[in-house]
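# Coordinates in review
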Amino acid sequence: METWNDWKEAQPQVVPMLLSSIKKNRMAHAYIFEGQAGSGKQSIAQLMAKSYFCTNKDEYEPCLTCSNCNRIESGNHPDVHVIEPEGQSIKKEQIEFLQKEFAYRSVETSAKIYVINDANKMTVSAANSLLKFLEEPQGETLALLLTEQPAQLLPTIKSRSQQLRFLPPTNERLAKQLMNDGVDKNHAYFLAELTGNKEAALQLTDADWSFQARSVVLQLMHELYTRPDQAAMTLVDKWIPLMGNRLQQETGLEMIVLWLRDLLYTQVGKQGNLIFSDCQKQFDEIALLTSQRVISQSLANVLEAKRQLSANVSIQLVMERLLFTIQEG
Ligand SMILES: [Zn+2]
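Residues numbered from 1 in each chain as written. Predicted model: local features only at pLDDT ≥ 70, side-chain atom pairs only at ≥ 80, totals over all residues. Heavy atoms only, no water.

It is worth spelling out the overall build of the protein chain at this point. Check the secondary structure of the protein chain and you find 16 helices and five strands. Taking 329 residues into account, the globule formula puts the C-alpha radius of gyration at 20 Å, and the protein chain, at 25 Å, lies well above it. In terms of overall dimensions, the protein chain has a C-alpha envelope of 80 × 40 × 30 Å along the principal axes. Taking all contacts inside the protein chain whose residues are at least 6 apart in sequence as the whole, residues at least 24 apart take part in 67%. Carbon and sulfur atoms form 48% of the exposed surface of the protein chain, whose accessible area is close to 16,200 Å². Where the 33 positive side-chain charges of the protein chain centre and where its 39 negative ones centre are 5 Å apart. (Helix = DSSP H or I, 4+ residues; strand = E, 2+ residues; numbered from the N terminus. Rg over C-alpha atoms; globule rule 2.2 N^0.38 Å. Contact = heavy atoms within 4.5 Å. Areas by Shrake-Rupley, 256 points an atom, 1.4 Å probe, with all protein chains shown as cover. Lys, Arg positive; Asp, Glu negative; His and termini not counted. Charge placed at Lys NZ, Arg CZ, Asp CG, Glu CD.)

Here's what the structure looks like:
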């Protein structure tokens, strides 16, 4: 289970701010947590609830072992409600259900917390229902609205909430989260570096596509430096069929950037930084065949390839030109 201390470094503005209001017992009635997937919005919402209800907390840090902490962790605390989109949206009935639940329970207990995940997915009528709730809370309530798209929230909801901007996760933290989700270590660091975004990274793992793309990039680039004729065939037989859509084509080029960067790291003796860390031997071999100046030029050529791709030049033509220019040095 995570503690506040685990998040202090990753969210150096948000966490101290929240802790100070917890310590002074002066929390706002509603907070908007905005930030991309993996930035810790849900973890911190859960910590807020634990700090609030823990019967054995140390200043602000919840004990994580009492029955309140455990019930919040498992999603079974009667006074902590989490709402998520059902299908594409959060519907008015879901907000109304929450309000009834609170009205009913307010007789028994004092405080309640509700967390709305993907709050921007509320329908207009759901948002209006919530608005009334924010204006006339029944008893002591704390609303935590989590979103990756704050611009889509109603201005009237924003004006009644305190907005907190979460920093995006570092690639290191992102990689660790991906590993927790079952992605193997080499691949997790690679995807974190490639996308810088948990949702995009998971999209690529889901399809199993990036595993294949990674191995094709390694093969293609190795051949380009050692057996260029073979590289032309690998391009047609493996690369082009794998890069079916624009996102994949851009990701493919981004992988070549990471590959060239690893080659550059090898050239300057910084092998510890390799993203393709399991391929150090290959980079050592190729680093002897080229120079820093040529690699830098190749990186510039990939940028040019990206530009051509966004100008709708066909992927085959873009790649043929790119491989040719890299090969020519
Ligand atoms: Zn506790």
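Having put the structure on the table, let's press on.
Looking now at the coordination of the zinc ion. Looking at the zinc ion, the protein donor atoms are Cys 54 (SG), Cys 63 (SG), Cys 66 (SG) and Cys 69 (SG), and they sit 2.3 Å from it. One can describe the donor arrangement at the zinc ion as tetrahedral, given that its four donor atoms subtend angles of 101 to 120° at the metal. For the zinc ion, the single-chain donor residues occur in sequence as C-x8-C-x2-C-x2-C. (Donors = N, O, S within 2.8 Å, 3.2 Å for Na, K, Ca; no water. Tetrahedral: all angles 85-135°; square planar, octahedral: opposite > 155°, others 65-115°.)

With that settled, consider the nonpolar core. Within the largest apolar cluster, 52 residues are counted, with the highest numbers of intra-cluster contacts made by Met 221, Tyr 225, Trp 239, Trp 259, Leu 260, Phe 276 and Met 319. No other element matches helix α11 (residues 209-226), which puts nine residues into this core. Once you skip the residues sitting within four places of it in the chain, Trp 259 turns out to touch Val 217, Leu 218, Met 221, His 222, Tyr 225, Phe 276, Gln 282, Phe 283 and Ile 286. Within the second largest apolar cluster, 27 residues are counted, among which are Met 48, Ile 72, Leu 142 and Leu 164. (Core = buried A, V, L, I, M, F, W, Y, C linked by side-chain atoms within 4.5 Å. Buried < 20%, exposed > 50% of the residue type's maximum accessible area, 1.4 Å probe, protein only.)

What follows concerns the packing of aromatic side chains. The geometry of an aromatic ring pair is captured by two quantities: the separation of the ring centres and the angle between the planes. This model, assessed by the stated rule, comprises eight aromatic pairs. Considering the side-chain rings of Tyr 114 and Phe 133, the 5.2 Å spacing of their centres and the 25° angle between planes classify their relative orientation as stacked. With Tyr 114 in strand β3 (residues 111-116) and Phe 133 in helix α6 (residues 124-135), this pair connects stretches of sequence that are 19 residues apart. As far as burial versus exposure is concerned, Tyr 114 and Phe 133 are alike and both buried. Taking the centre distance of 5.0 Å and the plane angle of 50° together, the rings of Phe 190 and Phe 276 count as tilted. Taken together, the residues Phe 190 in helix α9 (residues 185-195) and Phe 276 in the loop between α13 (246-267) and α14 (280-287) connect sequence positions 86 residues apart. Residue Phe 190 shares its accessibility class with Phe 276, and that shared class is buried. A network of ring pairs unites the aromatic residues Phe 190, Tyr 225, Trp 259, Phe 276 and Phe 283 as a single cluster. Here the basic side chain of Arg 173 rests over the ring of Trp 7, its NZ or CZ set 4.3 Å away from the ring centre. Just above the ring of Phe 190 sits the side chain of Arg 214; from NZ or CZ to the centre is 5.3 Å. (Phe/Tyr/Trp six-rings, centres within 6.5 Å; stacked < 30°, edge-to-face > 60°. Lys NZ or Arg CZ within 6 Å of the ring centre and 35° of its normal.)

Moving on, we get to a positive patch on the surface. On the surface, Lys 8, Lys 23, Lys 24 and Arg 26 cluster together into a patch of positive charge. Position of Arg 26 among the secondary structure elements: in the loop between α2 (14-23) and β1 (30-34). Judged by its relative accessible area of 65%, Arg 26 falls in the exposed class. (Patch = residues over 30% accessible without salt bridge, like charges linked within 9 Å, V, L, I, M, F, W, Y side chains within 5 Å. Salt bridge = Lys/Arg side-chain N within 4 Å of Asp/Glu carboxyl O.)

So, on to empty space enclosed by the protein. Evaluation of the coordinates by the stated rule reveals one cavity of 30 Å³ or more. If you add up the space inside the largest cavity, you get close to 40 Å³. Taken together, His 29, Tyr 114, Phe 133, Leu 134, Pro 137, Thr 141 and Ala 143 make up the lining of the largest cavity. For the lining of the largest cavity, the elements supplying multiple residues, two or more each, are α6 and β4 (140-147). (1 Å grid on protein atoms, 1.4 Å probe; cavity = no way out; pocket = protein on both sides within 12 Å on 5 of 7 lines; lining within 4 Å. Points joined across faces, edges and corners; volume = space filled by probe spheres on them.)

The sites that UniProt annotates as "domain: DNA polymerase III delta subunit C-terminal" (unreviewed entry) are residues 248-326. Taken end to end, residues 248-326 is 75% helix and 0% strand, and its two terminal C-alpha atoms sit 21 Å from one another. (UniProt positions renumbered as here; feature names shortened; annotations may be inferred.)

The axes of two packed helices give the description: the angle between them and the distance between them. Their axes nearest at 8 Å, the elements helix α8 (residues 171-180) and α9 cross at an angle of 135°. The orientation of α8 with respect to α9, classified from their angle, is oblique. For α8 against α9, the interelement crossing comes out right-handed. Contacts between α8 and α9 pair Asn 171, Glu 172, Leu 174, Ala 175, Lys 176, Leu 178 and Met 179 from the former with Lys 185, Ala 188, Tyr 189, Leu 191, Ala 192 and Glu 193 from the latter. Residues of the contact of α8 with α9, tallied by class, amount to eight nonpolar, one polar and four charged. (Axes fitted to C-alpha atoms, helices over the stretch in contact; angles between N-to-C directions. Parallel < 35°, antiparallel > 145°, perpendicular 65-115°, else oblique. Left-handed = near helix turned anticlockwise from the far one by under 90°. Nonpolar A, V, L, I, M, F, W, Y, C, P; charged D, E, K, R; others polar.)

This part takes up the domain arrangement of the protein chain. Partitioning the protein chain into structural domains gives domain 1 (4-168) and domain 2 (207-328). Relative to domain 2, the C-alpha centre of domain 1 lies at a distance of 45 Å. (Domains from an automatic or database assignment.)

Opposite charge on two side chains lets them pair, provided their charged atoms get close. For the structure shown, the criterion picks out 11 salt bridges. With a closest N to O distance of 2.6 Å, Glu 73 and Lys 50 form a salt bridge. Placement of Glu 73 in helix α4 (residues 67-73) and of Lys 50 in helix α3 (residues 41-53) is noted, with a sequence separation of 23 residues between them. For Glu 73, a relative accessible area of 35% puts it in the partly exposed group. The partner of Glu 304 in a salt bridge is Arg 307, and the shortest N-O contact between them spans 2.9 Å.

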